[in-house]
Amino acid sequence: MNPFKIIKYPCGTEKAIRLMDSENKLVFYVDQKSKKSEIKKAIEEAYNVKIVKVCTMITTQGTKKAYVKLAPEDLAIDLATKLGMM
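Notes on the structure follow. (Residues numbered from 1 in each chain as written. Predicted model: local features only at pLDDT ≥ 70, side-chain atom pairs only at ≥ 80, totals over all residues. Heavy atoms only, no water.)

**Here's the deal with the overall build of the protein chain**
The condition is simple: Note on conventions: DSSP H or I runs of at least 4 residues are helices, E runs of at least 2 residues are strands, and numbering of each starts at the N terminus. The globule rule used for comparison is 2.2 Å times the number of residues to the exponent 0.38, while the radius of gyration itself is calculated over C-alpha atoms. The cut-offs for exposure are 20% and 50% of the maximum accessible area for each residue type, with area from a 1.4 Å probe on protein chains only; residues under the lower value are buried, those over the upper are exposed, and the others partly exposed.
Of regular secondary structure, the protein chain possesses three helices and four strands. Moving toward the C terminus, one meets the helices and strands of the protein chain in the order β-α-β-α-β-β-α. Against the globule reference of 12 Å for 86 residues, the protein chain gives a C-alpha radius of gyration of 12 Å, in line with a compact fold. Dimensions along the principal axes, computed over C-alpha positions, put the protein chain at roughly 30 × 30 × 20 Å. Counting every position in the protein chain, which comprises 86 residues, the buried fraction comes to 40%.

**A short note on the nonpolar core**
This is how it is decided: In this description, a nonpolar core means a group of buried Ala, Val, Leu, Ile, Met, Phe, Trp, Tyr and Cys residues linked to one another through side-chain atoms lying within 4.5 Å. Residues are treated as being in contact if the distance between any of their heavy atoms lies within 4.5 Å.
Counting residues in each nonpolar core, the largest one holds 19 residues, and the members touching the most others are L26, F28 and I43. At the level of elements, β2 (25-30), α2 (36-47), β3 (51-58), β4 (64-70) and α3 (76-83) are the ones that each hand at least two residues to this core. Per-element tally for this core: the top contributor is α2, with four residues. Residues within four places of F28 in sequence aside, it is in contact with I7, Y9, P10, C11, I43, Y47, K64, K65, A66, V68 and L83. C11, A16, Y29 and Y67 belong to the second-largest nonpolar core, a separate cluster that totals six residues.

**Points about the sheet that holds β3**
Condition: Only when DSSP finds a minimum of two bridges between them are two strands counted as paired. Geometry is summarised by axes, namely lines fitted to C-alpha atoms with helices restricted to the contacting stretch, and by angles between N-to-C directions that run from 0 to 180 degrees.
Strand order in this open sheet of four strands is β1-β2-β4-β3, and the pairing throughout is antiparallel. Of all strands in the sheet, those bounded by a partner on one side alone are β1 (7-10) and β3. Strand-to-strand twist across the sheet, computed as the mean angle between neighbouring axes with direction ignored, equals 30°. With seven bridges joining them, β3 and β4 adopt antiparallel strand pairing. Counterpart to I58 in the pairing with β4 is K64. Each of β2 and β4 touches helix α1 (residues 14-23); the most contacted strand, β2, lies at about 140° to it.

This is the structure in structure tokens:
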């Protein structure tokens, strides 16, 4: 299965950047029908990082956001730099 069918793109808002620094979290827009376990597996597979927790939210625009907490050994800032967010 292609992980990029689940992961659409990362979110680069001010709040997302703040979460990177303070809580080691990244925010992604994902497919609305995807489950937390599928999101976790797709991000771990695509970016070779360890994920501790996934929280999801449906926005008022009808899109789905995933707040992904990375393991302490994987820094969110490093992955954001690889993705071109920083």
